[in-house]
Structure formats: structure tokens, C-alpha cells
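# Descriptive structure summary
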Amino acid sequence: MLRVDYYRSLGYATLAPLVLIAISIALIKLANWYLGKKQFGIQPVIVIVAFFTFPSASSKLATIFVCQHFEYEGESYLRMDYSIRCGGPTYISWRAYAIVMIGVWVVGTPVLFFYLVYRHRRAILNNEDRLLDPKLHGSKMLWIPYTRTLWYWEAVEASRKKL
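Residues numbered from 1 in each chain as written. Predicted model: local features only at pLDDT ≥ 70, side-chain atom pairs only at ≥ 80, totals over all residues. Heavy atoms only, no water.

## Describing the overall build of the chain
When helices and strands are counted, the chain shows six helices and two strands. Across the chain, helices and strands are ordered from the amino to the carboxyl terminus as α-α-β-β-α-α-α-α. Rg of the C-alpha trace for the chain: 20 Å, well past the compact-globule value of 15 Å for 163 residues, more than 25% over. Each principal axis of the C-alpha distribution contributes one length, and for the chain these read about 65 × 40 × 25 Å. In the chain, which comprises 163 residues, the proportion classed as buried is 36%. (Helix = DSSP H or I, 4+ residues; strand = E, 2+ residues; numbered from the N terminus. Rg over C-alpha atoms; globule rule 2.2 N^0.38 Å. Buried < 20%, exposed > 50% of the residue type's maximum accessible area, 1.4 Å probe, protein only.)

## A word on the pattern of salt bridges
Pairing between side chains of opposite charge can happen when their charged atoms approach one another. All chains considered together, the criterion is met by two salt bridges. The partner of glutamate 75 in a salt bridge is arginine 85, and the shortest N-O contact between them spans 3.5 Å. Residue glutamate 75 is found in strand β2 (residues 75-78), and its partner arginine 85 is found in the loop between β2 and α3 (89-118); the two are separated by ten residues along the sequence. The class for arginine 85 is partly exposed, based on a relative accessible area of 37%. Put simply, arginine 160 and glutamate 157 hold a salt bridge, and the shortest N to O gap is 2.8 Å. A residue pair is termed a helical-turn pair when its members lie 3 or 4 positions apart in one helix, as arginine 160 and glutamate 157 do in helix α6 (residues 153-161) at three residues. Here glutamate 157 falls in the buried class, since its relative accessible area comes to 17%. (Salt bridge = Lys/Arg side-chain N within 4 Å of Asp/Glu carboxyl O.)

## Describing a nonpolar patch on the surface
Taken together, Leu15, Val19, Ile23, Leu27, Leu30, Trp33, Tyr34, Leu35 and Phe40 make up a surface patch of nonpolar side chains, about 1000 Å² in accessible area. For tryptophan 33, a relative accessible area of 66% corresponds to the exposed category. (Patch = residues over 30% accessible without salt bridge, like charges linked within 9 Å, V, L, I, M, F, W, Y side chains within 5 Å. Areas by Shrake-Rupley, 256 points an atom, 1.4 Å probe, with all protein chains shown as cover.)

## Let's talk about the packing of aromatic side chains
Across all of its chains, the model carries 13 aromatic pairs by this definition. With 6.0 Å between their ring centres and 65° between their planes, tyrosine 6 and tyrosine 7 make a pair best called edge-to-face. The class for tyrosine 6 is buried, based on a relative accessible area of 4%. What makes tyrosine 7 buried here is its relative accessible area of 10%. Across the ring face of tyrosine 118, the terminal group of arginine 121 is positioned such that the distance to the ring centre comes to 3.8 Å. (Phe/Tyr/Trp six-rings, centres within 6.5 Å; stacked < 30°, edge-to-face > 60°. Lys NZ or Arg CZ within 6 Å of the ring centre and 35° of its normal.)

## Focus on the pairing of strand β1 (residues 67-70)
As paired strands, β1 and β2 are joined by four bridges and run antiparallel to one another. The partner of cysteine 67 across the bridge, within β2, is leucine 78. Counting the residues in the hairpin turn of β1 and β2 gives four residues, including glycine 74, whose phi is positive at 70°. (Pairing = 2+ DSSP bridges.)

Purely geometric stuff here, so don't read any function into it on its own.
This is the structure:
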């Protein structure tokens, strides 16, 4: 049976969604090129992947900073995996990686959500047929659960969940 260590699971939780987004973008661009027109948009893919992977990636990233100190050994070990000594060179490298990924996931996702709805805020607020508007299709799941005046609230919720 394949044993997945903590570092590998951290990499999977944070990189796999980005790879999925990159592959999806490449396939969408290929399909649009093959069809000779822009038939498919990339925004819905990015929103869906980010929306569903944001909580788990953010939670996983937070765990790398939780170490437990053992007085009798004089060492600290990662609480999620006691085989990992906090302060070792591998741990320090992965902690630096986690800091970068915090910028991508914990900070970047709410900023992305806000940007995607902010750039269409007038259409969300004023358009009676906003549910049918094709330019709003990619961000629809970010604003549809809220009233018109709270078009930005999913970004607030995403930020609040990580505080």
C-alpha cells in the first residue's frame, strides 16, 4: 500500500488543483481553436475548482505551522506527522513553500472571487436578466446565493472562513 507522507499530501492539496486548472485551460483553448471561435470560457472552471478546493487547501496549509515541543527530547515535531522534526532543512523548505501557497490559496482565492464579481458588478446590480447574461455565467455561483446589493459577499465569506 502506498504511504502518503505529510509533505506529499500538502503538495497534492495545493498543487493538484492548480494543475487541474492549467490542464483545463489548455483543453479549453485547444477546443476553441479547433472550433474556430470562442465557444467555451475558462472562468467557470477556475471558479469551480477554486471554490471547492479552497477550504481543504487552506486548512492543510495551516497545519504546517503547528508543532509540538517535547521537553524531554528538546525537539519540536509537526503535530500532523510526528516523524517530521520542525526546524529540519526539509521542514524549513516546505514551510517556505506553504507560505507561498498561502498567498495563492488563502489570500488569492478571496481576492480572485472579489475581482471576478467586481468587474461585472454593474451588470449584476442593474441587469434584470442577469441570470441569462453570458458574460456573468462564469461568476454566477459566486453571487447568485446573495441579494443584488451583496454581490461581493462570497469573497467576504471566503476571507472570514480563514480568519
